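Take a look at the letters that make up each chain.
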Amino acid sequence: MKQLYLILGIIGGLFLGQVGAQLGALFDLRYWRCVLKKTHSCPDNDIKYYLYTPESGRNRIRIDIRNRLSLKLSGFDPEKQNVFIVHGFNGTESKTPMTILRNAYLYRSDYNIFTIDWKDLTSFPCYLSSLSNTQVVSQCAAKLYAFVMDHGGKAEKTTCVGHSLGAHICGMISNHLSIKQHKIVGLDPARPLIDQYAQKYFRLTKDDAYHVQIIHTNSGMLGEINQVGHIDFCVNGGMMQPGCKGNALRVARCSHFQSACYFAKSVKYPDSIIGRPCKATCPKRGRDWGFFPGNSIPMGLATPYGVYGTYCVSTDTKKDCPFD
């Protein structure tokens, strides 16, 4: 039962891929709510860009990169920092945990918050087609990134934050840019199939930005294992989070989403979650986490540059991160 969620997605996506291969690449195949993109062109109607600003609050404004006035008319402030938020498999920018993350940045009031919604390309149970679609999503996300930079945005003030498959999309954006991204935060980057089959080009690595931070909360199941970025945080042992209850499937899914909630807390309260240096293995087995001597550092928004390795985090939360 633990892998039922993933198995259904793999089976649905595999069937779609077989049929799509037979019908050829002349059009996108839509079956069983699955979409397998056969062409990579941007803009794409299935990939939407939104901007949230402190002035607009929770009212999103759609960005059209074909309109050079789109950012100016939306309230974009080039003096502020920028964050690009990318959801994962079977997600959307308008539901938790992405809304929790968005609201944390709105609480700060010093960010232009861009969300990339690709929900029409990643519906359950179509995991394999979702994996394939990350290629066009990353390409179109890179177009938005370049559009923002061309209109006053600064790379050193810009962070891409992605959850699950969204974390790998953040990494893949760099494949379509002439300059390296400044900072990426990978929230429990997706593991199924990626750990075995994905080449470096199709997954998040520390080569994709000058500073890549990873937060592991369901490592070894839905999330990747061990050190992925420049600095990795293994939270509460890295696999099962203490606030998650229910059957094994629900606990895994909840734990996977907790990465977004922990990071959101660090956005609102930058020094609220602290990590200690430890061995690079994640998830941790048993109570021996392999602590090393050295300074503790904050996880999340306030994590300092130039610090590398794996850090272990123990939280005191006993509450679920809400999710649909």
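Computed from a predicted structure; not experimentally measured.

1. Considering the nonpolar core
Judged by nonpolar contacts, the single largest core of 44 residues is most densely connected at Phe114, Ile116 and Leu144. For this core, the secondary structure elements donating two or more residues are strand S3 (48-52), strand S5 (81-86), strand S6 (111-117), helix H4 (127-150), helix H5 (165-173) and strand S9 (209-216). When residues of this core are assigned to their parent elements, the largest contribution, 12 residues, is made by H4. Apart from the residues within four sequence positions on either side, isoleucine 116 is in contact with Ile47, Lys48, Tyr49, Phe84, Ile85, Val86, His87, Val137, Ala141 and Leu144.

2. As for the side chain of histidine 163
Relative to the helices and strands, histidine 163 is located in strand S7 (residues 158-163). For histidine 163, the contacting residues outside a window of four places in its chain are Val86, His87, Gly88, Met98, Leu187, His256, Phe257 and Ser259.

3. Points about the packing of aromatic side chains
In this structure the tally under the stated criterion is nine aromatic pairs. Geometrically, the ring pair formed by tryptophan 289 and phenylalanine 291 is tilted, given 6.0 Å between the ring centres and 50° between the ring planes. Accessibility expressed as a relative area gives 36% for phenylalanine 291, which makes it partly exposed. Among the aromatic residues, ring-to-ring pairing joins Phe76, Phe84, Phe114 and Tyr145 into one connected group. Looking at arginine 60, its charged tip hangs above the ring of tyrosine 50, at a distance of 4.1 Å from the centre. It is arginine 102 that lies over the ring of tyrosine 52; its NZ or CZ is 4.8 Å from the centre.

4. Remarks on the environment of leucine 144
Its place among the elements puts leucine 144 in helix H4. Sequence spacing of leucine 144 and isoleucine 63 is 81 residues, and the spatial spacing of their C-alpha atoms is 8.7 Å. The residues touching leucine 144, leaving out its near neighbours within four places in the chain, are Tyr49, Ile63, Ile65, Phe84, Phe114 and Ile116.

5. Some details on the packing of H4 against H5
Their axes nearest at 8 Å, the elements H4 and H5 cross at an angle of 40°. Judged by the angle between their axes, H4 and H5 are oblique. Considering only the axes of H4 and H5, their crossing is right-handed. Along the contact surface, H4 presents Tyr127, Ser130, Leu131, Thr134, Gln135, Val137, Ser138, Ala141 and Ala142, while H5 presents Leu165, Ile169, Met172 and Ile173. When grouped by side-chain class, the residues that make up the contact of H4 with H5 number nine nonpolar, four polar and no charged.

6. Observations concerning helix H7 (residues 248-268)
Between the first and last C-alpha of H7 there are 30 Å, a value that for 21 residues agrees with the 30 Å anticipated at 1.5 Å per step. The axis of H7 is deflected most strongly, by about 30°, at phenylalanine 257. A large share of H7 lies buried, amounting to 15 of its 21 residues. N-cap assignment for H7: the residue whose side-chain oxygen lies 3.2 Å from the backbone N of leucine 249 is asparagine 247.

7. Notes on the environment of glutamine 135
Mapped onto the secondary structure, glutamine 135 falls in helix H4. Between the alpha carbons of glutamine 135 and tyrosine 201 there is a distance of 9.9 Å; along the sequence they are 66 residues apart. Each residue touching glutamine 135, except ones within four places of it in the same chain, is listed here: His40, Met172, His176 and Phe202.

8. Some points on the sheet that holds S9
Backbone hydrogen bonds are what pair the strands of a sheet, in a parallel or an antiparallel way. What the 11 strands build is an open sheet, ordered S4-S3-S6-S5-S7-S8-S9-S10-S13-S11-S12; its pairing is mixed. Looking at strand neighbours, the two that pair on one side only are strand S4 (61-62) and strand S12 (297-298), the edges of this open sheet. Against the sheet, H5 engages S5, S7 and strand S8 (181-187), with an angle of about 145° to S7.

9. Some words on the confidence of the model for the chain
One rule of thumb: low pLDDT means the predicted coordinates there are not for detailed reading. On average, residues of the chain carry a pLDDT of 88, and 88% of them reach 70 or more. Below a pLDDT of 50 lies the segment residues 1-27, which in the model reaches 42 contacts outside its immediate sequence neighbourhood of four places, other chains included.

10. As for the pairing of S5
Burial runs high along S5: five of the six residues are buried. The sheet contact formed by S5 and S6 spans six bridges and is parallel. Pairing of glutamine 81 across the sheet is with tyrosine 111, part of S6.

11. A short note on the packing of helix H3 (residues 98-108) against H7
For the pair H3 and H7, interaxial distance at closest approach is 8 Å and the crossing angle is 5°. Between H3 and H7, the angle falls in the class roughly parallel. Each of Met98, Ile100, Leu101, Ala104, Tyr105, Tyr107 and Arg108 in H3 lies in contact with H7, whose residues at this interface are Ala260, Cys261, Phe263, Ala264, Val267 and Lys268.

12. Observations concerning unusual backbone geometry
For residues that are not glycine, phi is negative in most cases, and the peptide bond is trans in most cases. The step from cysteine 42 to proline 43 runs through a cis peptide bond, and the omega angle for that step is 0°. Among the secondary structure elements, proline 43 is positioned in the loop between strand S2 (34-36) and S3. Although it is not a glycine, aspartate 188 sits at a positive phi angle of roughly 45°. Residue position: aspartate 188 is located in the loop between S8 and helix H6 (194-197). Judged by relative accessible area, which is 0%, aspartate 188 ranks as buried. In this structure, leucine 193 takes a positive phi of about 70° despite not being glycine. The topology assignment puts leucine 193 in the loop between S8 and H6.

Procedures and definitions
Residues numbered from 1 in each chain as written. Predicted model: local features only at pLDDT ≥ 70, side-chain atom pairs only at ≥ 80, totals over all residues. Heavy atoms only, no water. Core = buried A, V, L, I, M, F, W, Y, C linked by side-chain atoms within 4.5 Å. Buried < 20%, exposed > 50% of the residue type's maximum accessible area, 1.4 Å probe, protein only. Helix = DSSP H or I, 4+ residues; strand = E, 2+ residues; numbered from the N terminus. Contact = heavy atoms within 4.5 Å. Phe/Tyr/Trp six-rings, centres within 6.5 Å; stacked < 30°, edge-to-face > 60°. Lys NZ or Arg CZ within 6 Å of the ring centre and 35° of its normal. Axes fitted to C-alpha atoms, helices over the stretch in contact; angles between N-to-C directions. Parallel < 35°, antiparallel > 145°, perpendicular 65-115°, else oblique. Left-handed = near helix turned anticlockwise from the far one by under 90°. Nonpolar A, V, L, I, M, F, W, Y, C, P; charged D, E, K, R; others polar. Expected span 1.5 Å × (residues − 1). Bend = angle between axes of the 7 residues up to and from the residue. Polar contact = N/O pair within 3.5 Å; in protein donor to acceptor, adjacent residues only side chain to side chain. Pairing = 2+ DSSP bridges. pLDDT = per-residue confidence, 0-100.

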